[in-house]
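Read off the chains here:
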Amino acid sequence: MTRRVTGDYRDSISLNGPWQFVTDPDDDGREEGWDGPGDWPDHARTRARTVDVPHAWQELEEYRDYTGTAWYRRTVSVEPAERERVRLRFGAVDYETTVWVNGEEIGSNRGGYLPFELDATDAITSGENEIVLEVVDPEDVSEIPHGKQGEPWYHRISGIWQDVSLEIVPERRVSGIEVTPNLEDDTARVDVDVAGVDSETGQTATIDIEVTREDETVARTDATVDADGSATATLAIDEAEYWSPENPVLYDVGVELEVEGSVVDRDEDYFGMRSIETRDGRLFLNGEPYYMRGALDQGLYPKTLYRPFSDDLFEREVRIAKELGFNLLRKHIKPAHPDFLEQADRQGLLVWEEPANPTVHTERSKREVRDQLEGMIRRDYNRPSVIVWSLYNEEWGIGNPQGLDEETSLWEDEKKQEYLADLYEETKARDPTRIVCDNSGWAHVATDLNDYHRYFVSPDRAEAWADDLEEITSSPADNYGATMTDPEDAPLIVSEFGTWGMCDTPAIEEFYGDRPPWFDHEFLAEGLKRPAGYRDRFADSTLSEVFEDWSALAEEWQWREYRSIKDVIEQMRVHEGVAGYVITEFSDIEWEFNGILDYRREEKAFHDDFARINSDVLVRIDCETHTLRPGETLEADLVVVNDTTDAIDDELEWHAFGRSGTVPVALEGFGTERLEGAISLEVPADAVEGVTTDELAVSLADLASNEEPVTVVPDVASGDGGGDVAVYAATEPIAAALSSAGAGFDVVDSLEAADVAILTDPDDEARAYVEDGGTALVVPTESGAMADEQFFDYRDLPEKESWNLVACLFYRDSDVLAEYVDTVPGWELEGCYPYDVVADVDRERDEVHVGYVEGWLANWSAAVCAREFGEGTVAACTFRLTGDTDNPVGDAILAALVDDLGAT
């Protein structure tokens, strides 16, 4: 948003550009008179430097870790006329600002994200004027809204980080315009605030309001300014066109102020005819059902932090978001940049806005959150793209997600619940044009949205995600700390989820031209979140043997990210209980590489494919299984999801294993149709040669396409010598799998007779067997967990939701399993992903078949590895190969490992 300079009534002088800047670590600038006219004292002047405003001082290496007080100074030449006011306008300064003009203090502001204006008229003189700012950003930000600045997240941001200007305006002027559209009768109520009109003198003031579209007048009226300086008028918008992402129609509104028959000022803005509401568990945009397909956007950039690093970046971001199929971005834990909102308005993209959060819940933090909310609403009231206000995120600043001694949980604290409900009602009353989310993620109290933050990885935890979806959609009230609004009425939105996909880190380093400072944040967990040393960890693990270089690793990891989010999104889209989603996140941010784009806003490997699963129309291929044996039947439902209001009546085409077919589909707008048993295809033996993976591909005219991998494993999965290896199996299902015609191993009933022992809970006898020269393979118990306490140390992996799991990577690094497992495993291991990994891996000692890392290559472990133990050999396979997984790839892996161990 930009407030335009109009006619001959106003003028604006940009104060962007060079300012003198100096830090004040001893906080003695006021005492020494740094606020006065003239130069700073010698000891300050010698340390001062020129900075280019807007900036955050953390952009400069020497001030990267500085918190406290800093000073800015510059001059400007002004020639104001009589009956004009001179006002200094700041887009945003973080955090507490005091301003002097020619040595006279003209005012102060507290808040780091929103605009403020100070009247400098009485301090300004004709000619050269000196402006001085003191900016204080304290080290302790627990009580002030700071979002994700500092520990445990990202960079701190301090200073003048948005535009600065000197505005010369009439004494009697329009000071505010708010437009409230009403789509029930196609009218727009215009509320105008006027400054400088003295009603006690009997002055008559009126306003003339004109609404135009593309320079054509749409409506016009006038109104009298009341004694309190306000005026209101309602205008009918003939043949109104409604704003939406698909049709971002905007109207301009101009207001002229007339005093005693003379026009003294004109101001203008724009707005959209748009409504948003929730009912019966659904979102409605302009009265039509609407499905939210969003991404979290944190608005942080390499090198420039809160500022875009190129002039066209906001335009490009919005355009790319729409190309990727998103209809919304959730601007996370800080108010959106106003220039971004203008691009969202003009190109057509919904925005979910939320204030920056404090850490603790005190009288000051509550007051500053309220002030910030009011400032956001005042600044962005006319922006049609903004449809949601959040009040808090995950209890930050109201509950106790940090485990602080002095805080209580929003789940249990009735006083906090009452405060939040009151704030919800206040926000709804202040802005009835938008919906409000009280506490994003959980512990709702009074809310228009019942949103969840759920981090599942797929296919590793695909079944667990399906179960979780059923649980949350069947029991929405469980996500509420108190039910002061109806959980059944609020749309269910999964507003955070996602999977990591490693970035092209050398390209990021090249972009910086130096080592990115966030590589070394000491508050980040080393390796997991802290990139420092990533090259050494790559070289020291077996990753360097598997991947030619970092770029090869990054590309494979990004495809793993896509496989995961594809299934997670598709499961939500076909579930009638889910009204939308917001993926974490639109771009990588510093050390978090879970973006659809990287930190530079460049494409990742799966960029072109992502839009297919995030488009208006989706075809989900719901396979009964992704792994088959020759002669088995490939069964799949097809689910068509239509987020548009247009009906679909067409044919789906499918292709797999050289066969094809069509399936008719007909459904209304904004509907979902499951075509049960749409595909039933026997996979004949002559259609595959060896282990074969093919794509089951479907397409629906030019509306949608999709594909799923299907792996076919021949019956004979063991090596030629399988029958020569005598195997002892601890459980009957494993014994049956190994002795089947397909595997053909000789299963014996004692350790002493075995060449290879398959163990689930090895005891002292098993330990002695291996130490004396035996060979053993330890596999999970029927529960899927490792019970071994004899040979390996394990680290358990969560069986359901896990932030660490969405940041992990399994990778194959030996030839033993190469026939069955991709370099980075995918759906071929459906139902087999482990609940444990071997934690005590040693590259010199162990033969790693499948490795495992998390984040920036932390917690290097193994899902499959072997080591010498005494005189014998023992291997661990933590994949859930229990003999009854009904996955032929799992059976083949088990046979291949036995073959390999038997050969030694």
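Here the structure is a predicted model, which is why all the values come from computation and not from measurement. (Residues numbered from 1 in each chain as written. Predicted model: local features only at pLDDT ≥ 70, side-chain atom pairs only at ≥ 80, totals over all residues. Heavy atoms only, no water.)

Once that is clear, we can look at helix α5 (residues 414-430). If you check α5, its first and last C-alpha atoms are 24 Å apart, about what 17 residues at 1.5 Å a residue would give, namely 24 Å. Within the span of α5, buried status applies to K416, Q417, Y419, L420, A421, L423, Y424 and T427. In the core, the buried residues of α5 are packed alongside α4 (363-380), β26 (386-393) and β27 (435-440). The backbone nitrogen of K415 has a side-chain oxygen 3.0 Å away, supplied by the residue at the start of α5, namely D413. (Helix = DSSP H or I, 4+ residues; strand = E, 2+ residues; numbered from the N terminus. Expected span 1.5 Å × (residues − 1). Buried < 20%, exposed > 50% of the residue type's maximum accessible area, 1.4 Å probe, protein only. Contact = heavy atoms within 4.5 Å. Polar contact = N/O pair within 3.5 Å; in protein donor to acceptor, adjacent residues only side chain to side chain.)

Next up on the list: the UniProt feature "domain: Glycoside hydrolase family 2 catalytic" (unreviewed entry) in the protein chain. The positions that UniProt labels "domain: Glycoside hydrolase family 2 catalytic" (unreviewed entry) are, in the present scheme, residues 277-499. Overall, residues 277-499 shows 31% helix and 21% strand. The separation of its end C-alpha atoms is 31 Å. (UniProt positions renumbered as here; feature names shortened; annotations may be inferred.)

The next point concerns the pairing of strand β37 (residues 692-700). By the bridge criterion, four bridges tie strand β34 (residues 648-656) to β37 in an arrangement that is antiparallel. Paired with L652 across the two strands is L700, which belongs to β37. Here β37 runs beside strand β38 (residues 704-712); their pairing, made up of nine bridges, is antiparallel. When the sheet's bridge partners are listed, E695 is paired in β38 with P709. Once β37 ends, the chain turns through three residues before running back antiparallel as β38, passing A701 with a positive phi of about 45°. (Pairing = 2+ DSSP bridges.)

Here the focus is the packing of aromatic side chains. The final tally for this structure, using the stated rule, is 52 aromatic pairs. Both rings, one in F792 and one in Y794, keep their centres 6.2 Å apart while their planes meet at 50°; by these two values the pair is tilted. Residue placement shows R330 over the ring face of W352; its charged tip is 5.3 Å from the ring centre. The ring of W803 has K529 sitting right over it, with the charged end atom 5.0 Å from the ring centre. (Phe/Tyr/Trp six-rings, centres within 6.5 Å; stacked < 30°, edge-to-face > 60°. Lys NZ or Arg CZ within 6 Å of the ring centre and 35° of its normal.)

Here we take up the pattern of salt bridges. Side chains bearing opposite charge may pair, as long as their charged atoms lie close to each other. A full pass over the atoms with the stated rule returns 70 salt bridges. In this structure, D42 engages R45 in a salt bridge whose closest nitrogen and oxygen atoms are separated by 2.3 Å. With D42 and R45 both in helix α1 (residues 42-45), this residue pair falls three residues apart, about one helical turn. As a salt-bridge pair, E509 and R535 come within 2.6 Å of each other at their nearest N and O atoms. Remark: R535 occurs in helix α8 (residues 534-540) and E509 occurs in helix α7 (residues 505-512); sequence separation between them is 26 residues. We classify E509 as buried; its relative accessible area is 16%. Assessed through its relative accessible area of 48%, R535 is described here as partly exposed. (Salt bridge = Lys/Arg side-chain N within 4 Å of Asp/Glu carboxyl O.)

What follows concerns the sheet that holds strand β14 (residues 187-195). Taken together, the three strands give an open sheet; going across it, the order is β13-β14-β17, and neighbouring strands pair in antiparallel fashion. Of all the strands in the sheet, just β13 (173-182) and β17 (230-236) have a single pairing partner and so form its edges. Along the sheet, successive strands turn relative to each other by an average axial angle of 20°, direction set aside. Judged from the seven bridges that link them, β14 and β17 form a sheet pairing that is antiparallel. The residue bridging V192 from the neighbouring strand is A231, located in β17. (Axes fitted to C-alpha atoms, helices over the stretch in contact; angles between N-to-C directions.)

Within the secondary structure, G261 is located in the loop between β18 (251-259) and β19 (262-271). Overall, the relative accessible area of 57% leaves G261 in the exposed class.

As a further point, take the confidence of the model for the protein chain. Averaged over every residue, the pLDDT of the protein chain is 93; the share at 70 or more is 98%. Per-residue pLDDT stays below 50 along residues 1-6; that stretch engages in 20 contacts with residues further than four places along the chain or on separate chains. Under a pLDDT of 50 for its full length, residues 717-721 has, in the predicted model, eleven contacts with residues more than four places off or in other chains. (pLDDT = per-residue confidence, 0-100.)

Time to look at the packing of helix α12 (residues 732-739) against helix α15 (residues 888-903). At a minimum axis separation of 10 Å, α12 and α15 run at an interaxial angle of 80°. Judged by the inter-axis angle, α12 sits roughly perpendicular to α15. Contacts between α12 and α15 involve I734, A737 and L738 on the former and, on the latter, D891, L894, A895 and V898. Tallied by class, the residues present in the contact of α12 with α15 amount to six nonpolar, no polar and one charged. (Parallel < 35°, antiparallel > 145°, perpendicular 65-115°, else oblique. Nonpolar A, V, L, I, M, F, W, Y, C, P; charged D, E, K, R; others polar.)

Let us look at the sheet that holds strand β25 (residues 350-353). Sheets are built from strands paired through backbone hydrogen bonds, the pairs being either parallel or antiparallel. Taken in spatial order, the eight strands make up an open sheet running β27-β26-β25-β24-β23-β30-β29-β28, and their pairing is parallel. The sheet terminates laterally at β27 and β28 (450-453), the two strands that pair on one side only. Along the sheet, successive strands turn relative to each other by an average axial angle of 25°, direction set aside. Note: strand β29 (residues 492-496) against strand β30 (residues 580-583), two bridges, orientation parallel. Residue pairing across strands places V494 opposite Y581, the latter belonging to β30. Contacts between α5 and the sheet are confined to β26 and β27, with β26 contributing the most and set at about 160° to the helix.

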